[in-house]
Amino acid sequence: MRFQETLLEGRLIERYKRFLADIELDTGEVVTAHCANPGAMLGLKDPGSRVFLSRATNPNRKLKYNWEFVEVPAGGGPLQLIGINTSRPNLLVAEALREGRLAPFAGFDRVRPEVKYGRNSRVDFLLETDGERPCYLEVKNCHLMREAGFAEFPDCVAARSAKHLYELADMVAAGARAALVYVIQMDAERFDVARDIDPAYDKAFRHALAAGVESYAYVCRITPEEVVIDRPVEIVTPR
């Protein structure tokens, strides 16, 4: 996914009220950007960190900028750009599905976003081909790294995400395929659940795996010009 305009560079002053961030641009101007990330953002919100913003496409929106990337030595490793915008992973997965770059989901004729299922929920994508089992595909954004090369999810209690895991397991029990895709908006070598942060999510994840829900993790290639799903990495959750 290439950005239509050059991203603006600046330094983080403060992230506050979860969805707001004050940033000093390289021009010296101080702006307030939308932070599309409800999580704790552990290690990603230190004042003075280098950040990149995109301009909002809606001219009527109050906040004219979106916080896209932050550059930090994640987990004590080298400096790298990390995507914090949780609205991007669904777009990235949709792009990868269109281009046939996600091998486990090749061959489906139809990809429908935001389809109602389960107990008053919506699945991110429903993949369909006539005469074949449908696949319920849930996408999660990952930006937590406490050890170099080791990505984790979630970075805070994620009760809604845990609920989705049980619902995906129910879809498998009903005869469908179901899968999780963790979009890691940074470079990493392996992935696991942050069970010390949310034991309930870990329990739900293990239940889903035991029920036959598939799980995949992909790292992204990130530059100030684009962010693209790059390659799969190993999920190391103990069975």
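Reading the values: the criteria
Residues numbered from 1 in each chain as written. Predicted model: local features only at pLDDT ≥ 70, side-chain atom pairs only at ≥ 80, totals over all residues. Heavy atoms only, no water. Axes fitted to C-alpha atoms, helices over the stretch in contact; angles between N-to-C directions. Helix = DSSP H or I, 4+ residues; strand = E, 2+ residues; numbered from the N terminus. Parallel < 35°, antiparallel > 145°, perpendicular 65-115°, else oblique. Left-handed = near helix turned anticlockwise from the far one by under 90°. Contact = heavy atoms within 4.5 Å. Nonpolar A, V, L, I, M, F, W, Y, C, P; charged D, E, K, R; others polar. Buried < 20%, exposed > 50% of the residue type's maximum accessible area, 1.4 Å probe, protein only. Polar contact = N/O pair within 3.5 Å; in protein donor to acceptor, adjacent residues only side chain to side chain. Phe/Tyr/Trp six-rings, centres within 6.5 Å; stacked < 30°, edge-to-face > 60°. Lys NZ or Arg CZ within 6 Å of the ring centre and 35° of its normal.

Q: Explain the packing of helix α2 (residues 159-173) against helix α3 (residues 199-211) to me, please; I cannot follow it from the model alone.
A: Think of two packed helices as two axes; the pair is described by the angle between the axes and how far apart they sit. One can describe the packing of α2 onto α3 by two numbers: an axis separation of 9 Å at closest approach and a directional angle of 15 degrees. The angle between α2 and α3 falls in the class roughly parallel. Seen from above, α2 lies across α3 with left-handed handedness. For the pair α2 and α3, contact is made by Ser161, Ala162, Leu165, Tyr166, Ala169 and Val172 and by Ala200, Tyr201, Lys203, Ala204, Phe205, His207, Ala208 and Ala211, respectively. Here the contact of α2 with α3 is built from residues that sort into 11 nonpolar, 2 polar and 1 charged.

Q: What is the right way to look at the environment of methionine 186 in this model?
A: Turning to its location among the elements, methionine 186 is positioned in the loop between β12 (177-184) and β13 (190-193). You can call methionine 186 buried: its relative accessible area is 0%. Setting aside anything within four residues of it in sequence, one finds methionine 186 in contact with Gln80, Leu81, Ile82, Cys142, His143, Leu144, Met145, Ala151, Val219, Cys220 and Ile222.

Q: Which parts of the structure should I look at to understand the side chain of glutamate 138?
A: Summarising the element assignment, glutamate 138 is placed in strand β9 (residues 135-142). Within polar-contact distance, the side chain of glutamate 138 engages the side chain of histidine 164 at 3.2 Å. Among residues more than four places away in sequence, those in contact with glutamate 138 are Tyr117, Arg122, Val123, Asp124, His164, Leu168, Ala179, Leu180 and Val181.

Q: I keep staring at the packing of aromatic side chains and nothing clicks. Help me out?
A: For the coordinates displayed, the defined rule picks out 8 aromatic pairs. Taken together, a centroid distance of 5.3 Å and an interplanar angle of 70 degrees make the contact between phenylalanine 153 and tyrosine 201 edge-to-face. Taken together, the residues phenylalanine 153 in strand β11 (residues 150-153) and tyrosine 201 in helix α3 connect sequence positions 48 residues apart. Ring pairing ties together the aromatic residues Phe153, Tyr182, Phe191, Tyr201 and Phe205, which thus form one cluster. Stacked on the ring of phenylalanine 150, the Lys or Arg arginine 190 has its end atom at 4.2 Å from the ring centre.

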